[in-house]
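Tertiary structure, described
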Amino acid sequence: EILIEEGITSLKEKIFVDHPKLKNIVVNGTNKVYQSDSYGVLMKKNAEGKVTELIQYPNAHTRTEYAITNTITTIHDSAFYKSSSLTTIAVIIK
């Protein structure tokens, strides 16, 4: 598990891609830039505080399905890289 504290405002691109045992990314609830969901997926907020970017799905998460919320407008190219348990990704459109 990795904890991203309140003061973290920038992360290196693909920082968590090569962490094969990473099951959960937790973001401090007061962080103004990043957020994680109940599955430990790392996301980024826009200037208005709305979650719009999906950055990283934890490599070692054992779930087989994941649903992307309709606020996500950008999915980073390595977001699901090495997520071998994941077999279904649903995109919610409203």
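Counting of residues starts from 1 at the beginning of each chain's written sequence and follows it residue by residue. Side-chain atom pairs in this predicted model are given and counted only at pLDDT of 80 or more, local residue features only at pLDDT of at least 70, and totals for whole chains, interfaces and linings cover all residues. The basis for every side-chain value is the complete set of heavy atoms in the structure, and neither hydrogens nor water enter the calculation.

Quick look at a nonpolar patch on the surface
A contiguous nonpolar patch, built from Ile89, Val91 and Ile93 and spanning about 320 Å² of accessible area, is present on the exposed surface. Helix and strand assignments come from DSSP, with helices taken as H or I runs of at least 4 residues and strands as E runs of at least 2, each series counted from the N terminus. Assignment of secondary structure puts Ile93 in the segment after strand S8 (88-91). Looking at Ile93, the relative accessible area reads 75%, which means it is exposed. Patch rule: a residue counts if its relative accessible area is over 30% and it has no salt bridge; like charges are joined within 9 Å, and nonpolar side chains (Val, Leu, Ile, Met, Phe, Trp, Tyr) within 5 Å. What sets the accessible areas is the Shrake-Rupley method with a 1.4 Å probe; for residues, cover comes only from the shown protein chains. Think of a salt bridge as a Lys or Arg side-chain nitrogen and an Asp or Glu carboxyl oxygen that are within 4 Å of each other. Only protein chains enter the accessibility calculation, which uses a 1.4 Å probe; a residue is then buried when its area is under 20% of its type maximum, exposed when over 50%, and partly exposed in between.

Here's the deal with the side chain of Ser78
Within the secondary structure, Ser78 is located in the loop between strand S7 (74-75) and S8. A relative accessible area of 7% places Ser78 in the buried class. Throughout, a contact is declared for two residues whenever any of their heavy atoms are within 4.5 Å. Those residues in contact with Ser78, other than ones at most four positions away along the chain, are Lys14, Val17 and Gln56.

What about the nonpolar core?
The nonpolar core is taken to be a set of buried Ala, Val, Leu, Ile, Met, Phe, Trp, Tyr and Cys residues, with the residues joined through side-chain atoms within 4.5 Å. One finds Val41, Met43, Val51, Leu54, Tyr57, Tyr66, Ile68, Ile72, Ala79, Phe80 and Leu86 forming the largest nonpolar core, which totals 11 residues. Only strand S5 (51-56) and strand S6 (65-68) provide two or more residues apiece to this core. Dropping the residues within four chain positions of it, Val41 is found in contact with Ile25, Gln35, Ser36, Leu54, Gln56, Tyr57, Pro58 and Tyr66. Formed by nine residues, the second largest nonpolar core is a distinct cluster that contains Phe16, Leu22, Tyr34 and Leu42.

Focus on the sheet that holds strand S3 (residues 34-36)
Paired strands, as defined in this entry, are two strands with at least two bridges between them according to DSSP. Within the open sheet, the four strands sit side by side as S3-S4-S5-S7. Their pairing is mixed. Each having just a single partner strand, S3 and S7 make up the two edges of the open sheet. Across two bridges, the pairing between S5 and S7 is parallel. Across the sheet, Glu53 pairs through a bridge with Thr74, a residue of S7.

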